[in-house]
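# Understanding the architecture of this molecule
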Amino acid sequence: MKKLTADEIRASFVNCSKGVAQRLSLPDLDAQPWDDLDLLGWVDPSGSGTSYLVTEHPVHGSEDDSEPIGFVLRASKGSGVKRQSMCSLCLTVHSSSDVALMTAARPGAAGRAGNSRGNYLCADLGCSLYVRGLRQPARVQPHETITREVKVMRLRSNLTEFVERLAQE
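First, a word on scope: everything that follows refers to the structure included in this document. Here the structure is a predicted model, which is why all the values come from computation and not from measurement.

### Brief notes about the pairing of strand β3 (residues 66-75)
By the bridge criterion, nine bridges tie strand β2 (residues 50-58) to β3 in an arrangement that is antiparallel. When the sheet's bridge partners are listed, threonine 50 is paired in β3 with arginine 74.

The following block contains the structure:
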């Protein structure tokens, strides 16, 4: 992922107002491992259950150009019933408290009417780091015989599918 500025990140959000995007707290952008990220995700430090996801998305009609697209996500409170859960993007297995149903209001009129979409994701949105072995989950992972590069490609494919579903008005 290319390094993004605060202004690029704030302008990328498609499912909130410009005012909300201007007020959200950003992570330390200089501390991000940009070369190892497929998505920039962070949890709002206020404890509100809000998370943010920004990734690159192809520009319509171009296979080579992309632009950042961002979503405000809401994490559901876990039920505590499951002992483990799997992220739908990176397929990392976590304790159920480390995976959350993250929902995003749909862009445009549909979102203003209360429609949303979601999926089960790593609660810390550290998917890029998990697939590269740069962050270790607390749970032992199932053995996979695929390479790190294939895991990254799988993450990117799952991320693209997720973003396309979220971006549909």
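### Quick word on the sheet that holds β3
Hydrogen bonding along the main chain pairs the strands of a sheet, whether they run parallel or antiparallel. Read across the open sheet, the five strands follow the order β1-β2-β3-β6-β7; overall the sheet is antiparallel. Each end of this open sheet is capped by a strand with a single partner; those strands are β1 (39-43) and β7 (116-122). On average, each strand axis in the sheet is inclined to that of its neighbour by 30°, with strand direction left out of account. On the sheet, helix α5 (residues 148-167) packs against β1, β2, β3, β6 (99-105) and β7 and is oriented at approximately 155° with respect to β7.

### Considerations on the packing of aromatic side chains
Each aromatic ring pair is characterised by the separation of its centres together with the angle its planes make. Under the criterion given, the structure shown has two aromatic pairs. Ring pairing ties together the aromatic residues Phe13, Trp42 and Tyr52, which thus form one cluster. One Lys or Arg, arginine 135, reaches over the ring of tyrosine 130 and ends 5.9 Å from the middle of that ring.

### Here's the deal with α5
Look at α5: 28 Å from first C-alpha to last across 20 residues, which is about the 28 Å you get at 1.5 Å a residue. Taken together, the buried positions of α5 are Val152, Leu155, Leu159, Phe162, Val163 and Leu166. The buried residues of α5 all sit within an arc of 100° when viewed along its axis, so they share a single face. Exposed residues lying more than 90 degrees from the buried face of α5 are Glu149 and Met153. Those residues of α5 hidden inside the fold are in contact with β1, β2, β3, β6, β7 and α4 (127-131).

### Remarks on the side chain of histidine 57
As for its position among the elements, histidine 57 is in strand β2. Given a relative accessible area of 14%, histidine 57 falls into the buried group. Discounting residues that sit within four places of it in the chain, histidine 57 has contacts with Asp65, Ser66, Glu67, Ile69, Val163 and Glu164.

### Observations concerning unusual backbone geometry
Despite not being glycine, leucine 91 shows a phi value in the positive range, around 60°. Within the secondary structure, leucine 91 is located in the loop between β4 (84-86) and β5 (93-95). Of note in this structure, leucine 125 is not a glycine but carries a positive phi near 55°. Take leucine 125: its relative accessible area is 4%, and that puts it in the buried class.

Parameters at a glance
- Residues numbered from 1 in each chain as written.
- Predicted model: local features only at pLDDT ≥ 70, side-chain atom pairs only at ≥ 80, totals over all residues.
- Heavy atoms only, no water.
- Pairing = 2+ DSSP bridges.
- Helix = DSSP H or I, 4+ residues; strand = E, 2+ residues; numbered from the N terminus.
- Axes fitted to C-alpha atoms, helices over the stretch in contact; angles between N-to-C directions.
- Contact = heavy atoms within 4.5 Å.
- Phe/Tyr/Trp six-rings, centres within 6.5 Å; stacked < 30°, edge-to-face > 60°.
- Lys NZ or Arg CZ within 6 Å of the ring centre and 35° of its normal.
- Expected span 1.5 Å × (residues − 1).
- Buried < 20%, exposed > 50% of the residue type's maximum accessible area, 1.4 Å probe, protein only.
- Arc of directions from axis to C-beta.

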